[in-house]
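For reference, the chains in residue letters:
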Amino acid sequence: MSITLSVIKADVGGYVGHSESHPDVLAKAGECLARAKKDGLLVDYHVTKCGDDLQLIMTHQQGEDNEKIHKLAWDTFVDCTQVAKKLKLHGAGQDLLSDAFSGNVRGMGPGVAEMEFEERVAETIIILMADKTSSGAWNMPLYKMFADPFNTIGLVIAPNMHSGFAFEVHDVKEHKKITFNTPEEIYDMLVFIGAPSRYMIKAVYHRETKNIAAVSSTQRLSLIAGRYIGKDDPVCIIRAQGEVPAVGEVLEPFSSPILVEGWMRGSHQGPLMPVSIPDSTPTRFDGPPRVVAVGFQLSGGMLIGPRDMFADKSYDLARHQANEMADLMRRHGPFEPHRLPLEEMEYTTMPEVAKKLEGRFTDL
Ligand code: F6R
Ligand code: MG
Ligand code: MG
């Protein structure tokens, strides 16, 4: 059975500040998607949140980039924005960059990850969602899952994974894409994906079967809008088990927190902390950045789950380490490398201040 899994997300208003989603907003989204399921447009759905981001997880048989599905998501965000406005939540409707829907939510603010596939006998799915960071945050975890044998032993000892994976990488500044075959092209690939603010892994495919294994959202809201309107707070869908990494291999990269762009005012480096859904409440200096993982088994498109994967105690040490890293970074205050380099900051006063002081700069 061919099924499409669409994860479409937007920040339609924060509670309190940018730290959390309001239950009434989630309830409204649930109402909208329940109606679509009753009408037969959706096979199934699950509404959840990561920090201030509303996450619509939907299964259907309309294929990727389908106008009806994207309109459903857009209309749901618009209805949820009405709820957010009524409650005077912070930044109500902040990710809806246009007043009118025009066929597809891509480029209009919401984040999108979609994949169509033939449902396997057992179809295990992990959906990663992050808050207070951008899409490049998935580069290192995806590399580890699908190309690093120190993370994924299956690459070495599982005959159905030994041929490796192909990575589709997008240059979000020049709007170009390239595919790298691993393991033989990892050195070339790392030249690019090691610069995650520009080069982002969009999708991963099994090299022999060509089956889709992972897909991420690669929107950069600031590039779309031409001004700061929030970090992208990305999502990523990953199929697990069998010819793709096991659940434990998919989640293992998050047991060693890394530094990612985002955090306060989208202008800092901070540790990506794996947390349960209830703990996705970035409150310290609006952070540190969070990642949640929900797991499902699919059954004829029905979402059996979710399991809140990072609720597991085995991530306690990672959370502790992330808090220590947060302290270390905060010690730098407004200095790099905590603060992002000038061209990557989402907030800046540089043009105004430089203009004001223009006449005071003299030659050395
Ligand atoms: C970062 C984020 C927050 C806000 C900050 C200022 O992604 O969402 O750190 O940037 O709270 O928010 P505004 O400008 O809405 O007052
Ligand atoms: Mg927000
Ligand atoms: Mg957010």
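Residues numbered from 1 in each chain as written. Chains lettered and ligands numbered in written order. Predicted model: local features only at pLDDT ≥ 70, side-chain atom pairs only at ≥ 80, totals over all residues. Heavy atoms only, no water.

Draft legend 1. Examining the domain arrangement of the protein more closely. You can read the domains of the protein as domain 1 (1–118) and domain 2 (121–341). Placing a centre on the C-alpha atoms of domain 1 and another on those of domain 2 gives a separation of 21 Å. Contacts between the two partners involve 37 residues from domain 1 and, on the opposite side, 41 residues from domain 2. Both faces considered, domain 1 and domain 2 share a buried interface measuring about 2900 Å² in area, 67% of it formed by carbon and sulfur atoms. Our enumeration of links across domain 1 and domain 2 arrives at 1 salt bridge. One salt bridge in this structure joins aspartate 52 and lysine 132, with 3.1 Å as the shortest N-O distance. On the surface where domain 1 and domain 2 come into contact, there are 11 residue pairs in polar contact (both at pLDDT 80 or more). At the level of secondary structure, the elements contributing two or more residues to the side of domain 1 that touches domain 2 comprise strand 1 (2–10), strand 2 (44–50), strand 3 (53–60) and strand 4 (111–118). Tallying contributions element by element places strand 4 first for the side of domain 1 that touches domain 2, with 8 residues. A class-by-class count of the residues in the side of domain 1 that touches domain 2 yields 14 nonpolar, 11 polar and 12 charged. (Domains from an automatic or database assignment. Contact = heavy atoms within 4.5 Å. Buried area = accessible area lost by both parts, 1.4 Å probe. Salt bridge = Lys/Arg side-chain N within 4 Å of Asp/Glu carboxyl O. Polar contact = N/O pair within 3.5 Å; in protein donor to acceptor, adjacent residues only side chain to side chain. Helix = DSSP H or I, 4+ residues; strand = E, 2+ residues; numbered from the N terminus. Nonpolar A, V, L, I, M, F, W, Y, C, P; charged D, E, K, R; others polar.)

Draft legend 2. Expanded view of the packing of helix 3 (residues 139–147) against helix 5 (residues 186–193). Where helix 3 contacts helix 5, the two axes come as close as 11 Å, and the packing angle between them is 165°. Comparing their axes, helix 5 and helix 3 come out roughly antiparallel. Relative to helix 5, the crossing made by helix 3 is right-handed. Taking contact as the criterion, the partners of Asn139, Tyr143 and Ala147 in helix 3 are, on helix 5, Ile186, Met189, Leu190 and Ile193. (Axes fitted to C-alpha atoms, helices over the stretch in contact; angles between N-to-C directions. Parallel < 35°, antiparallel > 145°, perpendicular 65-115°, else oblique. Left-handed = near helix turned anticlockwise from the far one by under 90°.)

Draft legend 3. Representation of the coordination of the magnesium ion (ligand 3). Distances from the magnesium ion (ligand 3) to its protein donors, Asp52 (OD), Asp53 (OD), Asp131 (OD) and Asp233 (OD), fall within 2.0 to 2.3 Å. Positions of the donor residues of the magnesium ion (ligand 3) along the chain correspond to the pattern D-D-x77-D-x101-D. Between the two metal centres, the magnesium ion (ligand 3) and the magnesium ion (ligand 2), the spacing is 4.6 Å, with aspartate 52 acting as a shared donor. With aspartate 52 in the loop between strand 2 and strand 3 and aspartate 233 in the loop between helix 6 (221–225) and strand 10 (235–240), this pair connects stretches of sequence that are 181 residues apart. (Donors = N, O, S within 2.8 Å, 3.2 Å for Na, K, Ca; no water.)

Draft legend 4. The packing of aromatic side chains, seen in detail. In the structure shown here, the tally under the stated rule is 8 aromatic pairs. Consider the rings of phenylalanine 146 and phenylalanine 165, whose centres lie 4.9 Å apart with planes at 70°: the pair is edge-to-face. Separated by 19 residues along the polypeptide, phenylalanine 146 in helix 3 and phenylalanine 165 in strand 6 (residues 165–171) bring together distant segments of the chain. For phenylalanine 165, a relative accessible area of 0% translates into the label buried. Among the aromatic residues, ring-to-ring pairing joins Trp138, Phe254, Phe310 and Tyr315 into one connected group. One residue, arginine 239, lies across the ring of phenylalanine 117, its end atom 4.3 Å from the ring centre. The lysine or arginine in question, arginine 330, covers the ring of phenylalanine 285, its NZ or CZ lying 3.6 Å from the ring centre. (Phe/Tyr/Trp six-rings, centres within 6.5 Å; stacked < 30°, edge-to-face > 60°. Buried < 20%, exposed > 50% of the residue type's maximum accessible area, 1.4 Å probe, protein only. Lys NZ or Arg CZ within 6 Å of the ring centre and 35° of its normal.)

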